[in-house]
Amino acid sequence: MARELDRSGLPVALVTTMFPLAKQLGAARIVPARRITHPCGDPSLPEDADRAARKQIVTAALRALQTPVAEPTVFSADQE
Amino acid sequence: MFKVVHFLNQFFGGIGGEEKAHIAPELREGAVGPAKGLQLQLGDEAKIEASVLCGDNFFAENGEEAKARTVELVKKVRPQLLMAGPAFDSGRYGFACAEVCQAVSTSMSIPCVTAMHPENPGVDASRSYKNLSVYVIPTAESVAGMPDALRKMAALAKRLAAGEAIGPALEEGYLPRGIRRDEIAEKTAAERALEMLLAKLSSKPFVTEIPWLRWARVAPAKPLPDLTKATIAVATTSGLVPWGNPDQFWARRNTKWAKYALAGHDSMEKGKWEAVHSGYNTAVVGENPNYAVPLDAIRELEASGAFGSLYPYYYSTTGGQGAPQVMEKMAREMSQDMKSAGVDGVLLVAT
C-alpha cells in the first residue's frame, strides 16, 4: 500500500514492525514500530513512557515525510 | 460428444477492427475464425458447438454487462468446456478472455481454457481469481504464434474432455496461478530445504517451493516542502474501525476500506473502536486504540505546530492475508480520495 501511495505522488511514512521486509519490498520511508500487536507504543511501559514512545514514532514519521530519499530508508524513532 | 463454446473478439471473429470494437456479445453457430483451426486439432474428441463474439471496447467499457450477456449466451449451448482466445499481447482481449473464463467457470462449474502472452494484463487478472478450473496457456506476443497456441489449447482441452487430472503448472505448461495444492512428499521439508541450499551453494539448478514475488520499483514521492503547512492523513492496515464494525470489514482477505471521522477526538478512546483483523491479537489495540492510530500523540504535535493540520478522517482497512493486488487497488483508491481532499502526506500504520 505504501508503494502505491508513493506512486500517486503522496509521500508516506510506513510505521511497521516488519521494517526489514518493508525495506526489501521497496517502501520509501519506513519507521520501525514497537510490536505487531501495538505498533505505536508499548503497554509494558508506564503510561507516560508509553505515550512518549508513541510521540517519538509520530515525530520520526514527520521527519521522514520532509526528508528526500532515493531508496528505501529507515527512520528510527530512537533518534527523536 | 464433448461440447465446447469458444469466446473471441470482433477482430478474430472477422467482423472488423477498431470500428467494430463496440459490438455487444453475440452467438454464432460452430467455429469462427481461429477456432476452425482449433476444431481441426480437437478432431473427433470435442466439438466447438458455438462461438460468442464480443467487441473489445464493449467488454472494456461494460465489463459486468458484457460478462452477464456472455454467460447467458454460453448457457444456451450448455457446453462442458469454454475456450477463449488466444489473445496474444492484446490487453483488452486478454482481459476479456480472463474475465469470461472466470465468470463462466464460476456460474456454470465448467473448466475454461484461454491463451495469451505471459505479460498480457489478462494473466494477472486471471491469477488474482486463483480459480482451479481456469487454465491460461502462454503464447507468443503476436499472431505468428497461432499454430503453437492452438495446438496447446487443443491438447489441454482433449485431456479435460477425457476427464484426466491436470497436474501443476510447471509440469503441464500453463501459467502458474499461485495455487498451492497439498501433496505427499517423500522427504521432509528440512531435507528438501537442505538439498536446495546445497544445490545453491554449488551453483546447481534447483526449483524453489515458495516463489518470491517480484515487485516493480516505485520511485519515492517527493518530500513535503513545508511541514508546518502540510495536511497529514493517518491510514492503517490494522483493521481499526468504530465499535460495531459499521462497514463489515472482514478479518481476513478483506477487500474494503473506509475513512472514519476524527473530528472532536483528542485520543482514540477505549470502547469506541475495535480492530477487525485475523492476523494478530487485537486485544491490545482494543485496550488502547492509539497503538494503531496514534491520535493522542498526533494531536499534541499538531497543537505544538510541528505540522499544519491533521486531515479530519483516518483511512482504515484490514491487511490480514490480503492479496497484494487487492491491497494495491485499495491504496490507489485511497490515494485518489486523499488527493481530492487536499492531503499532502500520509502516516501509514501497519500491524
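Residues numbered from 1 in each chain as written. Chains lettered and ligands numbered in written order. Predicted model: local features only at pLDDT ≥ 70, side-chain atom pairs only at ≥ 80, totals over all residues. Heavy atoms only, no water.

**Regarding the nonpolar core**
How we decide: Only buried Ala, Val, Leu, Ile, Met, Phe, Trp, Tyr and Cys residues count toward a nonpolar core, and they belong to the same one when joined by side-chain atoms within 4.5 Å. Categorising residues by exposure relies on relative accessible area from a 1.4 Å probe, with only protein chains included: less than 20% of the type maximum marks a residue as buried, more than 50% marks it as exposed, and the intermediate range marks it as partly exposed.
B:Phe7, B:Leu38, B:Leu81, B:Leu82, B:Met83, B:Val104 and B:Val113 are the most contacted members of the largest nonpolar core, which has 59 residues in total. Listed in part, the 46 residues of the second largest apolar core include A:Leu62, B:Val276, B:Val284 and B:Phe307.

**Section: the interface of chain A and chain B**
Our working definition: Contact definition: two residues touch when any of their heavy atoms are within 4.5 Å. Using a 1.4 Å probe, buried area is obtained as the accessible area two parts lose upon being combined, added over both of them. For salt bridges, the criterion is a side-chain nitrogen of Lys or Arg within 4 Å of an Asp or Glu carboxyl oxygen. Here a polar contact means two N or O atoms within 3.5 Å. Within protein one must be a hydrogen donor candidate and the other an acceptor candidate, and residues neighboring in sequence count only if both atoms are side-chain atoms. Numbering of helices and strands runs from the N terminus; a helix is a DSSP stretch of H or I covering at least four residues, while a strand is a stretch of E covering at least two. Following the grouping adopted for this structure description, the nonpolar residues are Ala, Val, Leu, Ile, Met, Phe, Trp, Tyr, Cys and Pro, the charged ones are Asp, Glu, Lys and Arg, and the polar ones are all others, Gly among them. We treat two strands as partners when DSSP finds at least two bridges between them.
Chain A puts 45 residues into the contact, and the matching count from chain B is 48 residues. A combined buried area of about 4,100 Å² lies between chain A and chain B, and 68% of that area is made up of carbon and sulfur atoms. Between the two partners, chain A and chain B, sit six salt bridges. Between A:Lys55 and B:Glu300 there is a salt bridge, and its shortest N-O distance comes to 2.9 Å. The tally of links between chain A and chain B comes to 15 residue pairs in polar contact (both at pLDDT 80 or more). Residue assignment for the side of chain A that touches chain B shows that the elements contributing at least two residues are α1 (2-7), β1 (12-16) and α3 (47-65) of chain A. With nine residues, the top contributor of residues to the side of chain A that touches chain B is α3(A). Its residues assigned to classes, the side of chain A that touches chain B shows 24 nonpolar, ten polar and eleven charged. With four bridges joining them, β1(A) and strand β12 (residues 345-349) of chain B adopt parallel strand pairing.

**A few points about the pattern of salt bridges**
Oppositely charged side chains may form a pair once their charged atoms are brought near each other. Scanning all chains against the criterion turns up 28 salt bridges over all chains. A salt bridge links A:Asp42 to A:Arg34; the nearest nitrogen and oxygen atoms lie 3.8 Å apart. The partly exposed category is assigned to A:Arg34, whose relative accessible area is 31%. The partner of B:Lys272 in a salt bridge is B:Glu269, with the nearest N and O atoms 3.3 Å apart. The exposure class of B:Lys272 is partly exposed, given its relative accessible area of 41%. We classify B:Glu269 as partly exposed; its relative accessible area is 38%.

**Looking at the side chain of B:Asn254**
Residues and elements named next belong to chain B. As for its position among the elements, Asn254 is in the loop between β8 (240-242) and β9 (257-261). Polar contacts involving the side chain of Asn254 include one to the main-chain amide nitrogen of Trp250, which spans 3.2 Å. Separated by 2.7 Å, the side chain of Asn254 and the backbone oxygen of Lys256 make a polar contact. What Asn254 contacts, discounting residues up to four positions off in sequence, is Phe249, Thr317, Thr318, Gly320, Val326 and Met330.

**Comments concerning the packing of aromatic side chains**
Residue and element names in this part refer to chain B. This is how it is decided: Between 30 and 60 degrees the pair is tilted, below 30 it is stacked and above 60 it is edge-to-face, where a pair is any two Phe, Tyr or Trp rings, Trp via its six-membered ring, whose centres lie within 6.5 Å.
As enumerated under the stated definition, the model contains ten aromatic pairs over all chains in all. Both rings, one in Phe12 and one in Phe88, keep their centres 6.2 Å apart while their planes meet at 40°; by these two values the pair is tilted. Taken as a pair, Phe12 in the loop between β1 (2-9) and β2 (26-29) and Phe88 in the loop between β4 (81-84) and α4 (91-108) lie far apart in primary sequence, 76 residues in all. Summarising the burial analysis for this pair, Phe12 and Phe88 share the class buried. On the numbers, 5.6 Å between centres and 25° between planes, the contact of Phe12 with Tyr93 is stacked. Of this pair, Phe12 sits in the loop between β1 and β2 while Tyr93 sits in helix α4, placing them 81 residues apart in sequence.

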